[in-house]
Amino acid sequence: MMKTLFRTLCVCVLFSVHLSVRAQVPLLNSYPTASATIFLDFDGHTVANTSWNYAGPIVCGASGMTSPQIIEIFNRVAEDYRPFNINITTDSTKFLSAPLLKRMRVVITTSSSWYGSAGGVAFTGSFVWGDDSPCFVFSALLNNNVKFIAEAASHEAGHTLGMYHQALYDVNCNKISDYYAGQGTGEIGWAPIMGVGYYQNFTLWNNGPNSYGCNNYQSDLDIISSAANGFGYRTDDHDNEFATASLSVLTVNQFEATGVIEKNTDQDMFRFIIPTRGQFKLDAVPYNVGTGNAGSDLDMQVTLYDQDQNVLNVYNPGTLLSSVVDTTLNGGDYYLRVEGKGNLYAPAYASLGSYSLLGSFNGGIPLPLHHLNLEGVKMGNAAKLNWTIEADETVAQQILEVSTDGRNFVQLIEPAPSARSYTYSPAPDEAAQYRLFVTFDNGQQYYSNIATIRETPPAARPKLVSNLIHTNTISVNSPGKFDYAIIDMSGRMIRQGHLNNGINNVDANAMMPGMYMIQFTGNGEQWTDKLLRQ
């Protein structure tokens, strides 16, 4: 077997730091029952009799990290691998007791002169070699930055599991970089772990082109969980169905629950019971190591259902990874569905990881208010809020509030007491949530449910069954009658015709290998996709 050396992104080093004091390494395990193990080795190691030792033993000094820094690095790496049946550990005894073909040592060290300037280095696929060839992360060359070291550790371990780099290409298939640095800013700014994740908060496994070509798509999740590596995913901890939802019992008007979204098809269901009418609040928070959900791998969406399994609301603040529910509920059974979603920058593909729920109930709301409901719809560039109030008392004041972060609400407008709708134009691309605060003439005050204005679903359109064409047929799945045109990259039309409802087979026999565009037209709209004739 040819063993090829892959280097990670070389980080520019302004100065070297050499710490002689060795921290006491805390013994930590992310999933101690798993036999497959990735060992984060912080306290130095001499590498001998492995595939690295073409010039004799390699003596590696300690990482130079303090105990709190070690804990944060461990937690970040553990969350990256949380969906899988593998134990991330700092305990050498766990590593040494793991099967030889299911273990990897990640040596985090200040010693890099034997290799050169790089953030880290690994043999691709070496997790299953059985010769204890480790991978390396060079802490001093990463300026002892905890975030950088954790990203490099997950990245290098990923190489040993069989993954190459997630690369970046332009629309013409020209490689821009071997390392895709992602996109966006803030809490949801995203990058692939197997690209370069140093500079984004939300770093995930990815399904994208690797460094060997724009059409060489690499599904990180499939590689990690493959039979070749031998450990797969964790067992699902909460069922997906209403009938088998996990019961969360209110104790002193609160409940807590935790879970893991292991796969992008996983939806964790919870049931809870409200004893009487009152205000229900829920904080749904992905695992994190600090403010702004630092180190999280899960963008949470929470859906609230009534006892008849009707959707009451969907909670997913666009600029946050966490979600907040704040609404008034009548007594009865309710359900919560927790799942991972994508956002403006990140695909939903690997929005996976652990989370916690904290629900609270404040009862005793008087019954004269029978119904208070807020809804929002999009009308072109405008947002229209409509609400219904059914009560025995008279509305004295109502305040419409808005939040752009899902947590902090501010006054948008104070409509007249008789008003039941409001239309305005929010800022472009503003992801907003709304609630109504109502005061009645008897002094009682209530909040409505939180409403989100969602974009109108895109029109149904034809789609390629695959954009990689290996035969003389292009298969198109069409929802109705549309026209199509195939155009080469010089702008010359190659073929045109009509599509009917269902699967349509378009003749590609006369098309030479290369990149093409296919345009679909109908219902006053046009869509363009790329395809590759191989």
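An account of the accompanying structure is given in this report. If you're wondering where the values come from, they're calculated on a predicted model, not measured in any experiment.

## Considering the overall build of the protein
Broken down by element type, the protein carries four helices and 39 strands. For the protein, buried positions account for 52% of its 534 residues. Taking contacts inside the protein between residues at least 6 apart in sequence as the whole, the part at least 24 apart equals 68%. Looking at the protein, you have 31 positive and 47 negative side-chain charges, and the mean spots of the two groups are 7 Å apart.

## Focus on helix α1 (residues 67-80)
Across its 14 residues, α1 extends 20 Å between first and last C-alpha, which sits within 8% of the 20 Å expected from 1.5 Å per residue. If you check which residues of α1 are buried, you get I70, I73, F74, N75, R76, V77, A78, E79 and D80. Where the residues of α1 are buried, they touch β2 (37-41), β5 (87-89), α3 (146-160), β12 (202-204) and β23 (353-363).

## Quick look at the state of the cysteines
One covalent bond between the sulfur atoms of two cysteine residues makes up a disulfide. The tally for this structure, following the rule as stated, stands at one disulfide. Disulfide pairing is shown between C173 and C214; the S-S distance is 1.5 Å. Negative torsions about the S-S bond denote left-handed disulfides, and the value of about 50 degrees found for C173 with C214 makes this one right-handed. Of this pair, C173 sits in the loop between β9 (168-169) and β10 (175-177) while C214 sits in the loop between β13 (207-209) and β14 (217-219), and the two are 41 residues apart along the sequence. There is no disulfide at C135, and the cysteine sulfur nearest it, in C60, is 11 Å away.

## Description of a nonpolar patch on the surface
A surface patch of nonpolar side chains, about 270 Å² in accessible area, is lined by L247, V249 and I273. Its place among the elements puts I273 in strand β17 (residues 268-274). For I273, a relative accessible area of 41% corresponds to the partly exposed category.

## Describing the sheet that holds strand β18 (residues 278-286)
Read across the open sheet, the four strands follow the order β16-β23-β18-β21; overall the sheet is antiparallel. In this open sheet, the two edge strands, each paired with only one partner strand, are β16 (254-261) and β21 (323-329). Geometrically, the sheet is characterised by an average inter-axis angle of 15 degrees between neighbouring strands, direction not taken into account. Examined bridge by bridge, β18 and β21 share seven bridges and lie antiparallel to one another. Of the residues in β21, the one forming a bridge with F280 is T327.

Cut-off values and rules
- Within any chain, residue numbers begin from 1 and follow the written order of that chain's sequence.
- Residues qualify for local features only when their pLDDT is at least 70, as the model is predicted, and side-chain atom pairs are given and counted only at 80 or more; totals for whole chains, interfaces and linings, by contrast, use all residues.
- Only heavy atoms go into the side-chain values, all of them from the structure, while hydrogens and water stay out.
- The helix and strand labels rest on DSSP assignments: H or I over at least four residues marks a helix, E over at least two residues marks a strand, and numbering proceeds from the N terminus.
- Relative accessibility thresholds used throughout: buried, under 20% of the residue-type maximum; exposed, over 50%; partly exposed, between the two (1.4 Å probe, protein chains only).
- We call two residues in contact when some of their heavy atoms are within 4.5 Å.
- For the purpose of counting charges, residues Lys and Arg are taken to be positive, whereas Asp and Glu are taken to be negative. His and the chain ends are not included.
- One atom stands in for each charge, and that atom is NZ of Lys, CZ of Arg, CG of Asp or CD of Glu.
- An expected span of 1.5 Å times one less than the residue number is assigned to each helix.
- Throughout, disulfides are identified as pairs of cysteine sulfur atoms within 2.5 Å of each other.
- Each patch is built from residues lacking any salt bridge and having more than 30% relative accessible area; the joining distance is 9 Å for like charges and 5 Å for nonpolar side chains (Val, Leu, Ile, Met, Phe, Trp, Tyr).
- For every accessible area listed, the method is Shrake-Rupley and the probe measures 1.4 Å; residues are considered covered only by the protein chains on display.
- Whenever a carboxyl oxygen of Asp or Glu lies within 4 Å of a side-chain nitrogen of Lys or Arg, that contact is scored as a salt bridge.
- Strand pairing requires that DSSP identify at least two bridges connecting the strands.
- As a rule, the C-alpha atoms of each element are fitted with a line to give its axis, helices using only the stretch in contact, and angles between N-to-C directions run from 0 to 180 degrees.

Nothing here speaks to function; it is geometry throughout.
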